[in-house]
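Given next are the chains, with one letter for each unit.
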Amino acid sequence: MTDVDNGVLHTLFHSDQGGHEQVVLCQDRASGLKAVIAIHNTALGPALGGTRFYPYASEEEAVADALNLARGMSYKNAMAGLDHGGGKAVIIGDPERDKTEELLLAYGRFVASLGGRYVTACDVGTYVADMDVVARECHWTTGRSPENGGAGDSSVLTAFGVFQGMRASAEHLWGDPSLSGRTVGIAGVGKVGHHLVEHLRDEGAEVVITDVREESVRRILDKHPTGVSAVTDTEALIRVEGLDIYAPCALGGALNDATVPVLTATVVCGAANNQLEHPGVEKDLADRGILYAPDYVVNAGGVIQVADELHGFDFERCKAKAAKIFDTTLAIFARAKEDGIPPAAAADRIAEQRMHEAAAVRGF
């Protein structure tokens with residue numbers, strides 16, 4: 001057994017980052033499917049989390065990612081007030097090259113074999129059309145198209161939830177939830193980021209954007225000839241003078257030992273997952289007086305939307321739930337102040353308390 005194998009097993013059975021209830025390794029040689037389904041915690045209900053399709057360097061790396069992502073979904077779903085635990089699946093391969101209908105159908109059969117303990121959805125490398133295929137073999141599939149009984153693109157409510165997190169941050173820090181006149185920098189204006197721009201402009205905020213895709217930036221600048229400007233890259237964005245809020249909406253790890261010391265914003269609130277590169281970053285932010293709205297709290301609008309599909313999707317009902325991200329974010333800031341800890345740690349404590357109480361009620 002390799003050192004990497006020992007690392008994965010240690011995480012699963014012995015680490016504080018483990019404690020997962022079930023990990024399923026899936027293989028269908030006919031279609032080439034290799035997948036991992038990780039169920040972290042079902043105290044609140046069936047595990048819910050997306051399916052990531054990614055060309056991992058090794059099977060061990062895929063397992064490790066599934067474990068980490070599933071644990072994160074437990075916390076996200078708990079803080080979103082959903083009756084769902086955390087789970088995640090990863091399919092090993094290049095989605096551009098390896099994704100086929102046969103492979104997705106095979107994957108759907110594996111999810112179905114869990115009998116509802118895990119509910120899947122879209123993630124990196126998978127899309128609404130893919131979930132429509134998976135749903136042909138598996139009832140427990142969300143993120144489907146409206147034509148197939150789903151809610152479609154979840155980025156609309158993800159952006160709305162991040163906007164509510166920004167409003168809560170403004171209320172906590174400046175005593176007023178309005179973002180009118182504030183300057184917000186958005187790194188990544190793709191599926192979620194471009195919706196966020198609309199909310200901010202409607203509110204009267206000034207917006208500075210950047211994206212690795214020039215066409216994404218151009219689309220927004222063409223639509224908003226005033227009130228929106230662009231910079232060359234994220235390195236330039238985090239140094240913009242007068243920036244009030246920084247919104248990482250692209251890759252994870254945006255907050256790290258290199259970026260935090262030069263960040264000009266006083267609030268960080270964005271849609272990207274896993275923004276803190278390592279656990280000590282939240283303290284670095286606090287030491288600099290930068291208010292951090294935990295990513296898995298403010299970007300929960302999407303999971304709120306897909307969870308609603310299981311009950312017959314209603315957009316207004318989902319939007320009302322996503323609006324509560326404002327109150328949840330304020331409660332986290334209050335708990336952080338009360339306990340003398342960073343907001344990220346406060347969010348974890350609240351989520352763990354909800355899971356613990358649910359487990360006690362259900363006799364786990």
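That block above? That's the structure.
Calculation rules
- Residues numbered from 1 in each chain as written.
- Predicted model: local features only at pLDDT ≥ 70, side-chain atom pairs only at ≥ 80, totals over all residues.
- Heavy atoms only, no water.
- Salt bridge = Lys/Arg side-chain N within 4 Å of Asp/Glu carboxyl O.
- Helix = DSSP H or I, 4+ residues; strand = E, 2+ residues; numbered from the N terminus.
- Buried < 20%, exposed > 50% of the residue type's maximum accessible area, 1.4 Å probe, protein only.
- Phe/Tyr/Trp six-rings, centres within 6.5 Å; stacked < 30°, edge-to-face > 60°.
- Lys NZ or Arg CZ within 6 Å of the ring centre and 35° of its normal.
- Expected span 1.5 Å × (residues − 1).
- Contact = heavy atoms within 4.5 Å.

**Student:** Tell me about the pattern of salt bridges, and please be specific about residues and values.
**Tutor:** Under the counting rule described, the total for this entry stands at 21 salt bridges. Linking Lys 34 and Glu 59 is a salt bridge whose minimum nitrogen-to-oxygen distance equals 3.4 Å. With Lys 34 in strand β2 (residues 33-41) and Glu 59 in helix α2 (residues 59-79), this residue pair connects regions lying 25 residues apart in the sequence. The class for Glu 59 is partly exposed, based on a relative accessible area of 40%. Between Lys 283 and Asp 287 there is a salt bridge, and its shortest N-O distance comes to 2.9 Å. Separated by four residues within a single helix, Lys 283 and Asp 287 lie in helix α10 (residues 281-287), roughly one turn from each other. When its relative accessible area of 49% is taken as the criterion, Lys 283 is described as partly exposed. One salt-bridge network, held together by shared partners, links Arg 52, Asp 65, Lys 88 and Asp 123.

**Student:** So what's going on with the packing of aromatic side chains? Which residues, and what values?
**Tutor:** If you walk through the whole model with that rule in mind, you get two aromatic pairs. Centre to centre, the rings of Tyr 75 and Tyr 296 are 6.2 Å apart; their planes meet at 75°, and the pair counts as edge-to-face. Of this pair, Tyr 75 sits in helix α2 while Tyr 296 is found in helix α11 (residues 295-298), placing the two residues 221 residues apart along the sequence. Positioned over the ring face of Trp 174 is Arg 182, at 3.8 Å from the centre of the ring. Over the ring of Phe 160 we find Lys 319, and its NZ or CZ is 5.1 Å from the ring centre.

**Student:** Would you mind going over helix α15 (residues 343-362) in detail, with residue names and values included?
**Tutor:** Compared with the 28 Å implied by 1.5 Å per residue over 20 residues, the 29 Å span of α15 between its first and last C-alpha is a close match. Burial in α15 covers these residues: Pro 343, Ala 344, Ala 346, Ala 347, Ala 351, Met 355, Ala 358 and Ala 359. On its buried face, α15 is in contact with β2, α2, α10, β12 (291-292), α11 and α14 (325-339).

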